Amino acid sequence: MAAYTWTTTSPDETMQFAERLGEQLESGDVCTLEGDLGAGKTTFTKGLGKGLGVKRTINSPTFTIIKEYQGRVPFYHMDVYRLEDSEEDLGFDEYFEGEGVCVVEWAHFIESFLPEERLAIHIAYESDVERTITLETNSEHFDAICKELTS
Ligand code: ADP
Ligand code: MG
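So, a few notes on the structure that sits alongside this text. None of the values given here were measured: they were computed from a predicted structure.

What counts and how
Residues numbered from 1 in each chain as written. Chains lettered and ligands numbered in written order. Predicted model: local features only at pLDDT ≥ 70, side-chain atom pairs only at ≥ 80, totals over all residues. Helix = DSSP H or I, 4+ residues; strand = E, 2+ residues; numbered from the N terminus. Rg over C-alpha atoms; globule rule 2.2 N^0.38 Å. Buried ≥ 20, exposed ≤ 12 C-beta atoms within 10 Å, placed from the backbone. Contact = placed C-beta atoms within 7 Å. Near = placed C-beta within 6 Å. Nonpolar A, V, L, I, M, F, W, Y, C, P; charged D, E, K, R; others polar. Axes fitted to C-alpha atoms, helices over the stretch in contact; angles between N-to-C directions. Parallel < 35°, antiparallel > 145°, perpendicular 65-115°, else oblique. Left-handed = near helix turned anticlockwise from the far one by under 90°.

Looking now at the overall build of the protein chain. Along its length, the protein chain carries four helices and seven strands. Written out in order from the N terminus, the α and β elements of the protein chain read β-α-β-α-β-β-α-β-β-β-α. On C-alpha atoms alone, the protein chain measures out to a radius of gyration of 14 Å, which is about the 15 Å that the 2.2 N^0.38 rule sets for 151 residues. On the principal axes, the C-alpha backbone points of the protein chain span a range of 35 × 35 × 30 Å. Sorting the 151 residues of the protein chain into buried and exposed places 38% on the buried side. Sequence separation of at least 24 residues holds for 66% of the intrachain contacts in the protein chain that already meet a minimum separation of 6.

Set out below in structure tokens:
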């Protein structure tokens with residue numbers, strides 16, 4: 001398992017970093033996003049969507065759980081916070097095994113539905129404007145992307 005760490009000092013910087021990641025994601029990729037409330041998961045997702053070519057504004061899907069956007073591939077933004085410990089299956093396989101890119105905020109609440117191969121993103125609050133972003137993966141595909149982001 002390889003881990004890569006970056007520090008950002010503004011929401012814009014987080015979005016720009018996420019945009020670079022989004023530019024490299026491909027059909028079928030699944031990213032999990034963890035971090036406390038207000039850490040920056042949705043902010044990160046906005047940048048990711050931009051990198052995937054989504055033109056619409058991306059907002060927090062807390063009350064809908066899954067929001068769908070169209071970029072150069074379909075983009076599914078999930079916030080499964082409300083499914084905490086419910087084991088409810090909203091047809092996740094179809095999303096995770098489909099043609100789109102999936103990003104899942106609070107992914108550990110649906111741990112049993114997550115695919116083996118994924119990019120784990122963790123955002124930690126350091127101060128008002130500073131965040132530590134960690135990318136972790138056990139797949140060569142995502143490892144190559146992380147290395148690219150480092151250079
Ligand atoms: P979450 O989805 O994790 O609950 P949000 O993205 O909705 O978090 O909110 C993050 C908040 O933190 C926003 O108000 C954003 O402006 C602020 N913020 C401050 N500094 C940063 C940073 N470096 N990266 C991301 N967000 C930041
Ligand atoms: Mg959020």
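Once you've had a look at it, read on.
Turning our attention to the environment of Gly 49. With respect to the secondary-structure elements, Gly 49 resides in helix α2 (residues 41–51). Residues Gly 49 and Gly 35, 14 residues apart in the sequence, show an inter-C-alpha distance of 19 Å. Discounting chain neighbours no more than four positions away, the residues touching Gly 49 are Gly 22, Val 54, Ile 58, Tyr 69, Gly 71 and Phe 75.

Before going further, it helps to spend a moment on the site of ligand 1. Near ligand 1 lie 18 residues; those nearest to it are Thr 14, Gly 40, Lys 41, Thr 42 and Thr 43. For the shell around ligand 1, the elements supplying multiple residues, two or more each, are α1 (11–24) and α2. Of the residues in the shell around ligand 1, the class split is four nonpolar, 10 polar and four charged.

Glancing now at the packing of α1 against helix α4 (residues 140–150). The contact between α1 and α4 brings their axes to 10 Å, and the two run at 135 degrees. Looking at the two axes, α1 sits oblique to α4. Note on packing geometry: the crossing formed by α1 with α4 is right-handed. Taking contact as the criterion, the partners of Arg 20, Leu 21 and Gln 24 in α1 are, on α4, Ile 145, Glu 148 and Leu 149. In terms of residue class, the contact of α1 with α4 is built from three nonpolar, one polar and two charged.

Treat this as a map of the structure, not an account of what it does.
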